[in-house]
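# Structure assessment
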Amino acid sequence: MQRAEAIANLLRTTPDVWSGHEVAAASSRDTGFSALNALLPGHGWPVSSLIELIPLMEGIGELQLLLPVLRTLCREGRDVVFICPPHIPYPPALANAGLPLNRIIWIDAKNDDEARWSAEQILREGIAGAILLWSNATKDLSLRRLQVAAREGDSLLFLYRPYALLHSASPATVRIALRPHAGLLHAEVIKSRGGKAASTQLQLYDVA
Amino acid sequence: MLWLSLHFSSLATELREPRDVGPAAVVDRHGSRRWIISCNDAARQARIHSHMDATSALVLMPTLKLIDRSRSQERRALQALASWSEQFSSFVTFDAQRWLLWIEIGASLHYFGGLDALMGKITQGIRELGYTFATGIAPTIEASALLTQHKDAQPVHQTKAIKLGISALPVHLLAISISTLDVFRDVGWQYIGEVLNAPRDQLARRFGPDITQYLQRLLGEAADPREPYRAPATYRRRLELSFAVDATEPLLFPLRRMLGELQGYLRGRDMALQDLQLTLVHEKNNAAASTTLQLHTTQSQRDAQALWLLLREMLERTALPAATVELIISVKQFVAPDIAQLDFFDDKAKREQSWSNLLDKLRARLGTNAVKHLGLKDDHLPEKAWCVIDAEKQNTDSAPVSAQRPLWLIQPKLIQSLPNLIGKPERIECNWWQDDMQRDYYIAETPEGSRWWLYRDVQSSQWYLHGLWG
């Protein structure tokens, strides 16, 4: 173990040496949680990529996880789009959390196809700071389309998926399972292309 | 003055929408005689050409589709082209009979950066509208029209150079009566120069005053009496389709052209729009005579491409009750264009512009209410402390809430078994004369670990789930 650390140190301090996970993500955004940053490509939420969040259930802080990065984006004048959230994103709570309401757009689509279509349109335009999309899509093609659209702009794309799809294959750059754990949010990074190896566990957030 | 003349030699076939796929020719008729006035590429490949007798053409190509000309359609197309051209000049005029459009460009040269730059803008714009054309430039209307017939004609800038510029052109191009041209041919005159050299008084005596007046206008010796075209104050463009169209997709191409024309009209007046009406007139013998789509944009708009994308979304979402035979675009009200649509807009304005274009597009497909902006309301009841607002009327200085609130609000749902309550309750009261409300709000945690926001209705003592700590 000590040897591995020594090698890592040597690599870091030697100019002209780039490690794989550093070059993988073009740009990334601080998650606000250093423990989580450490696992992600480019040490943060990767921009222009598909990020999957898979909560075990609702009401475990699955949205609070994103508040730090959303606050940063809003401060920069970038907008945050909720597409087909399962409930009302409650404006007094958003305002309390430091998200100016004039930066929030809530899009309600009739079905999953239209929800993904909306996300693609917004991603392509590249002007939104972050897109939070709730979708039950299972087809690989649907997810790939989102991934491709995400690449065209410079927005963050968070896809909330049902827990039943935890073990299905996915083209996403990052996949994180979210579970409650003794009043904390437990985030398991199950896939992180260009980041650290999967299956590392994290406890990162006090929910209440 | 310097006139740019545009001759639309294939107008009759090119104004047909949807375009004919197979060989097709538009014919004019006089008595029992029919002759071709315009044909498409597929027909031209079979050596069919204008002026050809319809019967001979059918012998050459039995599958040729013959279409009667529609003078009203031709006129409407030229009117739309004239409206479009007003963005480049305050003096635009046309002759629907001869398929000619004139734009006075002498006064616009400096503003648009010289002749080449201006010509580039105009020719590219008209090509985008889907027409082929030939151009001629001269100081008089009639001379510029003649030059459109000469492939390599150089622009004539000086009035005294007109004669030289047109002398070598064949005499039949003169815009005078056929009977006069017949006599010229019998005399043996082949070139316009020969007519110009003939003594003027003798011509007048032989053919009447019309010919000498025409020659005076041609050479700039007398002013041309044409008035500038003035497009009406409200915009309405009607397009009869060349055949009934069932699907929406074939409507998109003519729609693009119509919006291109509209864009020119708006630019010419330095105006934009926020409301546009597209009417699809359906085939007769149908219960629904027409379908009307109302487009409303958040910001003032005049970009043809943006409008086209919006209408395309709306069309794709609309079930048409019957085949469409006619399209009508009408705009009744105009607004000032956004500064962002001028050329020097900054990044922020550009971004806002993109946002409103994007949201308009989403609304066009998902419905107007699908895109929501959020606001706060000063109300004690949590479900009434927020609202959906119009983006345009957005008010950002609402009173902040001090108490902790969950990120997810849900419809109050009666619950039977109570999870673990955490902390002290928050009493929310609402004393109205019509309903008295008292609720005690708690944070709770389910055995699975989900955090709820729930309340006990003080009067009924029943428990409701009202939110989730997402």
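So, here is what we can say about the structure in this document. Since the structure is predicted, the reported quantities are computational estimates derived from the model, not experimental observations. (Residues numbered from 1 in each chain as written. Chains lettered and ligands numbered in written order. Predicted model: local features only at pLDDT ≥ 70, side-chain atom pairs only at ≥ 80, totals over all residues.)

## Comments concerning the overall build of chain A
Of regular secondary structure, chain A possesses 7 helices and 11 strands. A burial count over chain A gives 46% of its 208 residues as buried. Summarising the internal contacts of chain A: among those between residues at least 6 apart in sequence, 67% fall at separations of at least 24. (Helix = DSSP H or I, 4+ residues; strand = E, 2+ residues; numbered from the N terminus. Buried ≥ 20, exposed ≤ 12 C-beta atoms within 10 Å, placed from the backbone. Contact = placed C-beta atoms within 7 Å.)

## Description of the interface of chain B and chain A
Contact residues are listed per partner, giving 37 residues for chain B and 35 residues for chain A. Within the residue set of the side of chain B that touches chain A, elements represented by two or more residues are helix 14 (347-366), strand 12 (371-376), strand 14 (408-414), strand 17 (451-457) and strand 18 (463-468) of chain B. The dominant element in the side of chain B that touches chain A, judged by the number of residues it contributes, is helix 14 of chain B, at 7 residues. For the side of chain B that touches chain A, a count of residues per class yields 22 nonpolar, 9 polar and 6 charged. Bridge count between strand 6 (residues 104-107) of chain A and strand 12 of chain B: 3 bridges; the pairing is antiparallel. Paired with A:Ile107 across the strands is B:Val371, a residue of strand 12 of chain B. (Nonpolar A, V, L, I, M, F, W, Y, C, P; charged D, E, K, R; others polar. Pairing = 2+ DSSP bridges.)

## Side note on the nonpolar core
If you look at the biggest cluster of nonpolar residues, it comprises 83 residues, and the most contacted ones within it are A:Val81, A:Ile83, A:Ala130, A:Ile131, A:Leu133, A:Leu157 and A:Phe158. With residues up to four places along the chain from it excluded, the contact list for A:Ala130 reads A:Val69, A:Leu70, A:Leu73, A:Val80, A:Ser155, A:Leu156 and A:Phe158. B:Ala25, B:Leu100, B:Ile126 and B:Leu310 belong to the second-largest nonpolar core, a separate cluster that totals 80 residues. (Core = buried A, V, L, I, M, F, W, Y, C linked by C-beta atoms within 7 Å.)

## Structural notes on the sheet that holds strand 6 (residues 100-104) of chain B
All names here are of chain B. Spatially, 4 strands are ordered 5-6-1-7 in an open sheet, and the strand pairing comes out antiparallel. The sheet terminates laterally at strand 5 (92-95) and strand 7 (134-138), the two strands that pair on one side only. On average, each strand axis in the sheet is tilted by 20° relative to the strand beside it, whichever way the strands run. Pairing of strand 5 with strand 6 involves 4 bridges; the strand directions are antiparallel. Within strand 6, the residue paired with Phe94 across the bridge is Leu101. (Axes fitted to C-alpha atoms, helices over the stretch in contact; angles between N-to-C directions.)

## Description of helix 7 (residues 140-152) of chain A
Residues three or four positions apart in an α-helix share a direction because the helix packs 3.6 residues into each turn. Residue and element names in this part refer to chain A. Between its terminal C-alpha atoms helix 7 stretches 19 Å, which fits the 18 Å expected from 13 residues at 1.5 Å a residue. Every buried residue of helix 7 is listed here: Leu143, Leu146, Ala149 and Ala150. One face of helix 7 carries all of its buried residues, which in axial projection span an arc of 120°. Turned more than 90 degrees away from the buried face of helix 7, the exposed residues are Asp140 and Leu141. Those residues of helix 7 hidden inside the fold are in contact with strand 3 (50-55), helix 6 (112-125) and strand 8 (156-160). (Expected span 1.5 Å × (residues − 1). Arc of directions from axis to C-beta.)

## Examining the environment of B:Arg33
Residue and element names in this part refer to chain B. Topologically, Arg33 is positioned in strand 3 (residues 33-39). Owing to 11 C-beta atoms within 10 Å, Arg33 belongs among the exposed residues under this scheme. Spatially, the C-alpha atom of Arg33 lies 8.1 Å from that of Ala54, the residues being 21 residues apart in sequence.

## Quick word on helix 12 (residues 249-269) of chain B
Here helix 12 of chain B is 21 residues long and its end C-alpha atoms lie 31 Å apart, about the 30 Å a rise of 1.5 Å per residue gives. Two residues or fewer after helix 12 of chain B comes B:Asp270, characterised by a positive phi angle close to 50°.

## Brief notes about the packing of helix 10 (residues 200-207) of chain B against helix 11 (residues 209-219) of chain B
Residue and element names in this part refer to chain B. The contact between helix 10 and helix 11 brings their axes to 6 Å, and the two run at 140°. One finds that helix 10 runs oblique with respect to helix 11. Two secondary-structure elements touch here, helix 10 through Arg200, Leu203, Ala204 and Phe207 and helix 11 through Pro209, Ile211 and Thr212. Of the residues belonging to the contact of helix 10 with helix 11, the class tally is 5 nonpolar, 1 polar and 1 charged. (Parallel < 35°, antiparallel > 145°, perpendicular 65-115°, else oblique.)

## Things to note about the packing of helix 4 (residues 71-85) of chain B against helix 12 of chain B
Residues and elements named next belong to chain B. Contact geometry of helix 4 with helix 12 gives a least axis separation of 6 Å together with a crossing angle of 40°. With respect to helix 12, the element helix 4 is oriented oblique. Considering how the two elements wind past one another, helix 4 and helix 12 form a crossing that is left-handed. Facing helix 4, whose interface residues are Ala80, Ser83, Trp84 and Ser85, helix 12 presents Glu261, Gly264 and Tyr265. Of the residues belonging to the contact of helix 4 with helix 12, the class tally is 3 nonpolar, 3 polar and 1 charged. (Left-handed = near helix turned anticlockwise from the far one by under 90°.)

## Quick notes on unusual backbone geometry
The linkage connecting B:Glu17 with the following residue, B:Pro18, adopts the cis geometry, with an omega of -10°. Looking at the element boundaries, B:Pro18 is found in the loop between helix 1 (11-14) and strand 2 (24-30). Phi at A:Ser48 takes a positive value of approximately 60°, unusual for a residue other than glycine. For A:Ser48, a count of 21 C-beta atoms within 10 Å corresponds to the buried category. Located in the positive-phi region is B:Trp99, a residue other than glycine, with phi close to 60°. With respect to the helices, strands and loops of the structure, B:Trp99 is situated in the loop between strand 5 and strand 6. Judged by the 22 C-beta atoms lying within 10 Å of it, B:Trp99 is buried.

## A few points about the sheet that holds strand 8 (residues 235-245) of chain B
All names here are of chain B. Strand order in this open sheet of 4 strands is 8-11-9-10, and the pairing throughout is antiparallel. The sheet is open, and its two edges are formed by strand 8 and strand 10 (290-301), each paired on a single side. Mean inter-strand twist for the sheet, computed between neighbouring axes without regard to direction, equals 15°. Sheet topology places strand 9 (residues 273-282) next to strand 11 (residues 324-331); 6 bridges connect them, and they run antiparallel. Counterpart to Leu278 in the pairing with strand 11 is Ile329.

## Re the pairing of strand 17 of chain B
Residues and elements named next belong to chain B. Most of strand 17 is tucked away: 5 of the 7 residues are buried. Relative to strand 17, strand 16 (residues 436-445) runs antiparallel, the two being bridged by 7 bridges. Bridge pairing in strand 17 places Arg439 opposite Asp457. With 5 bridges connecting them, strand 17 and strand 18 associate as antiparallel partners. What sits directly across from Arg456, in strand 18, is Trp463. Adjacent in sequence and paired antiparallel, strand 17 and strand 18 are bridged by 5 residues, among which Ser461 carries a positive phi angle near 60°.

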